[in-house]
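# Structure assessment
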Amino acid sequence: ADAACTWGAGAMSCAKVPTTECPGQQTQKDCEAVVAFGGCVWVMGALNEYHCMEKPCVGHRSEDSCVTDQILCVWDSQGSGSCSKKECTYATEGECAAKGGTEGCMWVMDHCTKKRCSAGEETACVADDACEWVAASCQYKKCRNYDSEASCNHDAECHWDVSAAPGKCDVKVCLRYDTEGACETDPELRCSWDTEGKRCTDKDCGKLGSPCACSRDRGCFWDTSGSGSGACVTGAFGGCPLMDLVILLDGTSSMKRPFGRHSNGYDAVVEYLRDWARVLPLSGDSGKVDPSAKIGNGVRVGVVQFGAQGRATKVGYTMGSGGHVSGLMSELDVDLDYHEAQMIDTQDAYVAGALQLAQNMFTRPDRKKVLLVISDSVILDSGKAAVHSAVSSLFGAGVKVFGVLLRPTAAFPSTAGAAEAAMLNVLSDVREEHFLNAEIEDLKGILGTLCDPSQQFGRLIASTATGTGAAKQRQPCPMYFDKDLCNHDPSCRWSSGLLVCSDSACLLHCDKDVCVSDATNLCAWDESTGMCTKRPICDHLMAECPTDPGCKWDAAKSLCVEKVCQHQTESGCLSDPMGCVWKSEEDHCTARPCTYTSKDSCELDMACKWDVTVAGTQPWAPCVAQPCATTDAAVCQADSRRCEWVGNSCKVRPCVEYLDEK
């Protein structure tokens with residue numbers, strides 16, 4: 001009766017009407033000869049009869065549907081993409097060994113995997129992209145012998161590559177660059193050239209011990225927050241406050257499933273945390289230090305795992321951090337190794353106990369306190385008395401609680417609504433601002449921008465630039481979104497054309513004489529830091545600000561800012577090197593429009609034009625206002641002094657486009 005179904009007499013069952021040629025084949029030879037739809041396979045049915053059927057997994061046409069198939073499929077993104085059954089998925093060593101001869105499986109540590117790179121001749125060897133023919137034998141390429149993310153990332157020269165499906169272990173990106181030029185121009189600023197070893201390595205800003213060397217390296221930032229003379233940190237974390245940050249990590253069994261191009265989501269999260277911690281500006285203090293002892297500037301990190309009720313865990317006192325927040329990478333490595341090896345692996349997720357363990361880690365009132373929950377589960381005790389009490393205690397201690405709900409693919413699972421509602425119950429207000437629902441690949445970016453004020457979490461965590469003169473707390477220039485705040489930082493300059501804050505060219509000078517001779521960029525040598533910076537502009541306290549004729553106090557910003565075109569006379573206005581315009585009908589001096597410095601940015605603005613005829617007649621770039629740049633007749637006619645509507649377009653009246661007497 002159902003046109004989509006058919007009764008199989010041999011298997012005595014109802015099945016979908018076949019959409020491939022497989023069920024129509026009567027012999028094994030004809031069955032295995034079919035190549036359409038991924039091919040067919042000859043199998044024995046329930047009544048010991050053989051029949052032809054579609055190969056498992058091959059029907060999937062997208063990566064998401066493939067990797068979420070319950071029979072464990074794997075997606076190959078080469079070409080248009082294809083899905084196939086994952087090989088050697090046997091759960092026990094005995095089953096794996098029994099199939100070693102027929103299917104080429106072998107048991108490695110705790111799982112069954114496919115034997116590779118064992119071919120006896122070159123052609124068969126190099127047909128597998130994990131293998132290479134060396135000295136008359138088939139061998140693994142560097143890093144390709146690791147088939148799990150955990151074992152891969154434990155090798156200092158390897159990382160889990162998800163640029164294509166399926167994910168695989170490969171040589172780290174920086175080690176693939178063989179020239180200094182390619183290394184230093186890595187688009188993600190993650191590499192630096194080792195002049196002694198003559199090779200490209202992962203960037204370590206912490207090794208740049210001087211302010212000048214640090215500031216000259218793209219991707220690094222000289223951080224002067226806290227006490228001491230400062231330290232070189234990864235630029236993305238230049239906005240980090242003195243902070244203790246605890247990760248609440250979901251250790252339930254659902255985290256072990258494939259997430260995106262990671263074969264094990266839990267291992268992927270642990271390794272993301274490890275990579276993130278390696279580039280954090282850690283404080284350098286042991287987790288076992290006396291809570292009242294003086295500690296260094298920077299960040300300390302702790303990890304707590306949660307799962308079944310009463311099963312929250314952290315490392316014991318004799319291991320790694322001792323179960324505390326730590327500013328030493330060596331201790332955090334031990335902590336992460338422990339959690340990787342000791343996954344709770346239960347079905348249900350409860351957080352009350354983990355929240356209590358986390359609160360005990362926050363012992364310093366002088367540091368920002370952040371708790372980050374990472375989970376894919378429905379938290380079952382959310383909203384219960386124990387969780388409410390624990391969360392209230394955290395909030396009372398000044399802890400900001402954030403949450404990331406992970407999903408294995410782009411599609412939202414059926415449990416997403418319940419999981420989101422449960423997680424929101426444990427987060428700080430405004431809860432939605434402290435929450436993100438993300439694919440696992442997004443986690444790297446979320447962790448990497450926790451101190452970036454332009455990002456959702458970073459806006460609530462990052463330090464903000466405060467103070468004046470020597471007391472000013474700096475932050476990376478791209479993190480300033482206000483012109484006056486940008487120009488107040490002697491390391492930065494505001495681009496009126498691009499409307500962004502970027503590093504001052506003065507930072508490139510590490511020699512005092514070269515620095516002070518750079519009048520074009522208004523450079524000055526700072527003896528206290530040994531850096532070449534821009535000369536201070538309106539760097540005054542409120543009481544001093546009015547005494548500088550070029551400055552004014554901005555009450556809204558609580559900042560002394562530069563006066564722009566604040567002249568009272570026409571002569572003073574027109575002689576301003578910033579380029580001002582005198583409006584005679586209003587007796588008012590105003591900033592010149594179209595302050596773009598490049599032709600491309602100028603012409604992107606429909607109200608501006610690049611006029612080479614005025615080049616050299618003024619000290620600024622020849623980007624000038626283009627009056628009457630409208631297609632609306634009413635708007636055109638409203639500016640009747642300059643414009644007139646002719647035909648179907650707005651035209652400039654003769655002579656009025658000139659902005660100055662020259």
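Above this text is the structure in question.
What counts and what doesn't
Residues numbered from 1 in each chain as written. Predicted model: local features only at pLDDT ≥ 70, side-chain atom pairs only at ≥ 80, totals over all residues. Heavy atoms only, no water. Helix = DSSP H or I, 4+ residues; strand = E, 2+ residues; numbered from the N terminus. Buried < 20%, exposed > 50% of the residue type's maximum accessible area, 1.4 Å probe, protein only. Areas by Shrake-Rupley, 256 points an atom, 1.4 Å probe, with all protein chains shown as cover. Lys, Arg positive; Asp, Glu negative; His and termini not counted. Charge placed at Lys NZ, Arg CZ, Asp CG, Glu CD. 1 Å grid on protein atoms, 1.4 Å probe; cavity = no way out; pocket = protein on both sides within 12 Å on 5 of 7 lines; lining within 4 Å. Points joined across faces, edges and corners; volume = space filled by probe spheres on them. Nonpolar A, V, L, I, M, F, W, Y, C, P; charged D, E, K, R; others polar. Disulfide = S-S within 2.5 Å. Pairing = 2+ DSSP bridges. Axes fitted to C-alpha atoms, helices over the stretch in contact; angles between N-to-C directions. Contact = heavy atoms within 4.5 Å. Parallel < 35°, antiparallel > 145°, perpendicular 65-115°, else oblique. Left-handed = near helix turned anticlockwise from the far one by under 90°.

## Points about the overall build of the chain
Helix and strand counts for the chain stand at 20 helices and 33 strands. Each of the three principal axes of the chain carries a C-alpha extent, and together these read 100 × 75 × 60 Å. Sorting the 662 residues of the chain into buried and exposed places 40% on the buried side. Within the structure as shown, the chain displays about 34000 Å² of accessible surface, and the carbon and sulfur contribution to it stands at 53%. Side-chain charges of the chain comprise 62 positive and 91 negative groups, with the mean position of each set lying 1 Å from the other.

## Details of empty space enclosed by the protein
By the definition in use, this model includes three cavities of 30 Å³ or more. In this structure, the largest cavity spans a volume of roughly 60 Å³. Taken together, K483, D484, N487, H488, I537, C560, V561, E562 and V564 make up the lining of the largest cavity. It is helix α16 (residues 483–488) that contributes the most residues to the lining of the largest cavity, four residues altogether. Here the residues of the lining of the largest cavity are counted per class, giving four nonpolar, two polar and three charged.

## Points about the state of the cysteines
For the coordinates displayed, the defined rule picks out 25 disulfides. Covalent S-S linkage joins C143 and C158, the inter-sulfur distance amounting to 2.0 Å. Handedness here is read from the sign of the S-S torsion; for C143 and C158, about -80 degrees, the answer is left-handed. Residue C143 is found in the loop between β10 (137–140) and α6 (149–153), and its partner C158 is found in strand β11 (residues 158–161); the two are separated by 15 residues along the sequence. This pair shows no difference in class: C143 is buried, exactly as C158 is. Disulfide pairing places C628 opposite C643 at an S-S distance of 2.0 Å.

## Focus: the sheet that holds strand β17 (residues 243–250)
One open sheet holds the five strands; their spatial order is β18-β17-β19-β20-β21, and the pairing between them is parallel. Whereas interior strands pair on both sides, the edge strands pair on one side only; in this sheet they are β18 (299–306) and β21 (435–439). With strand direction ignored, the average angle separating the axes of adjacent strands in the sheet is 20 degrees. Inspection of the sheet shows strand β20 (residues 399–407) paired to β21 by five bridges, in the parallel sense. Each bridged residue has a counterpart across the sheet, and for L406 the counterpart in β21 is A438. Running at roughly 170 degrees to β20, helix α13 (residues 416–424) makes contact with β19 (368–375), β20 and β21 of the sheet.

## Observations regarding the packing of helix α9 (residues 265–279) against helix α14 (residues 440–448)
Helix packing geometry: the angle between the two helix axes and the distance between the axes. The interhelical angle for the contact between α9 and α14, taken along N-to-C directions, is 20 degrees, at an axis separation of 10 Å. Judged by the angle between their axes, α9 and α14 are roughly parallel. In this structure, α9 crosses over α14, and the sense of that crossing is right-handed. Contacts between α9 and α14 involve G265, A268, V269, Y272, L273 and W276 from the first element and I440, E441, L443, K444, L447 and G448 from the second.

## Comments concerning the pairing of strand β9 (residues 131–134)
The pairing of β9 with β10 spans four bridges and is antiparallel. Bridge pairing links V134 to S137 in β10. Turn length for the β9-β10 hairpin, with the two strands adjacent in sequence and antiparallel, is two residues, and the turn residue A135 shows positive phi of about 50 degrees.

Take it as geometry only, folks, not as evidence of what the structure does.
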